[in-house]
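# Fold and contact review
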Amino acid sequence: MIMFEKQTKVWLVLTIVLSLLALGSACSKTPTEGPSENAGAPTGKMFAPKGNEGTVTGVIAYNGTAPAPKKIDSSADPVCGQRNPNLSTEDTVVNNGKLANAFVYIKEGTLADGTKITELSFKAPSEPVVLDQNGCHYRPHVLGIQTNQQLKVTNSDPTQHNIHPTPKNNPEWNQTQPNGAPPIEKTFARAEVLIPVKCNQHPWMKSYIGVLKHPFFAVRGEDGSFTIKGVPPGTYTVAAWHEGGATGTEKTMQVTVPASGSVKADFAFGGATTASAGKGLEMMPALELPMLSRH
Ligand SMILES: [Cu+2]
């Protein structure tokens, strides 16, 4: 009887100790799970339009003589030559003195009510942004997208492509897309201007993706002008980015967007102003040489 009581006590103590241990380890796990998962989540107050938003408009001029586009040797993949016999470089496309493929965006600034634009959160649009591979080049050459908005990569060519963005602030990926394959769908969690995209199958293919938290950006159209709509009244730094050099060339300007009004932001590239552009792009050094030899 005494033996039995002793054994029961030992078991009781063991059970209590084991339960406490289990509880302890369960408790120590919980706090470590949260923060790292929420790193990409939006912070700050959600932007809500007030109905008095304005626009930023402008033109992107190109000073001096633009380098002529170079014909691309696509003999590595005969399908590309058949699809697009006049494939040429797209790094500096100038029409009537206006530069194409510049990415214009609001870099920073303060709304009329004193809120910093970088401290606001913005809802990602539900419609995806499409990057198509068509005629063995990317359409469009430069695109803008919001963080967590869907990027849909399509292949319209009867050949295989390999999409390979090389970001610095977002995870790098590299995916083969054979002809007829379904679209590749991706998102970028962090803002980054701009992410170079290359094709491991066709070394001449490149495009750039500008990722921003907010929707205040535009890619300069073929006609030479751009419009950024829905901008809350305030004072901002507007930046215009164009490829070339290791990380591209960016020019900035201060503007004040009036309530329900419009402000102009005209930029100019080319001429002597691109002298500081730096070395050729790592991904396609051969194609950048004609641009550098202008100086
Ligand atoms: Cu390709």
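Per-chain numbering applies: the sequence of each chain, read as written, is numbered from 1 onward. Since the coordinates come from a predicted model, pLDDT governs what is reported: local features require at least 70, and pairs of side-chain atoms require 80 or more to be given and counted, while whole-chain, interface and lining totals use all residues. Heavy atoms throughout the structure, all of them, feed into the side-chain values; hydrogens and water do not.

### A short note on the overall build of the chain
To qualify as a helix, a DSSP run of H or I must reach at least 4 residues; to qualify as a strand, a run of E must reach at least 2; elements of each kind are numbered from the N terminus. When helices and strands are counted, the chain shows three helices and 19 strands. Only protein chains enter the accessibility calculation, which uses a 1.4 Å probe; a residue whose area is less than 20% of its type maximum is buried, one above 50% is exposed, and one in between is partly exposed. Burial analysis of the chain (295 residues in total) assigns 42% to the buried set. Only heavy atoms matter for contacts: two residues are in contact if any of them lie within 4.5 Å across the pair. The contacts of the chain with a sequence gap of at least 6 include a subset with a gap of at least 24, amounting to 65%. Residue exposure ignores everything except the shown protein chains as possible cover, and the areas themselves are Shrake-Rupley values with a 1.4 Å probe. Total accessible area on the chain stands at roughly 15500 Å², and carbon and sulfur atoms take up 57% of it.

### Digging into the environment of L131
With respect to the helices, strands and loops of the structure, L131 is situated in strand β5 (residues 129-133). Accessibility expressed as a relative area gives 1% for L131, which makes it buried. In the structure, L131 is positioned 22 residues away from V153 in sequence and 4.8 Å away in space, judged by C-alpha atoms. Apart from residues lying up to four places away in sequence, L131 is in contact with Y138, R139, P140, L143, L151, K152, V153, T154 and S207.

### A look at the state of the cysteines
Two cysteine sulfur atoms form a disulfide, by the criterion used here, when they sit within 2.5 Å. All chains considered together, the criterion is met by one disulfide. Disulfide pairing places C80 opposite C136 at an S-S distance of 1.9 Å. Measuring the twist about the S-S bond at about -70°, one finds the C80-C136 disulfide to be left-handed. Within this pair, whereas C80 is found in helix α2 (residues 78-83), its partner C136 is found in the loop between β5 and β6 (138-139), the two being separated by 56 residues in sequence. Pair check on accessibility: C80 and C136 agree, each one buried.

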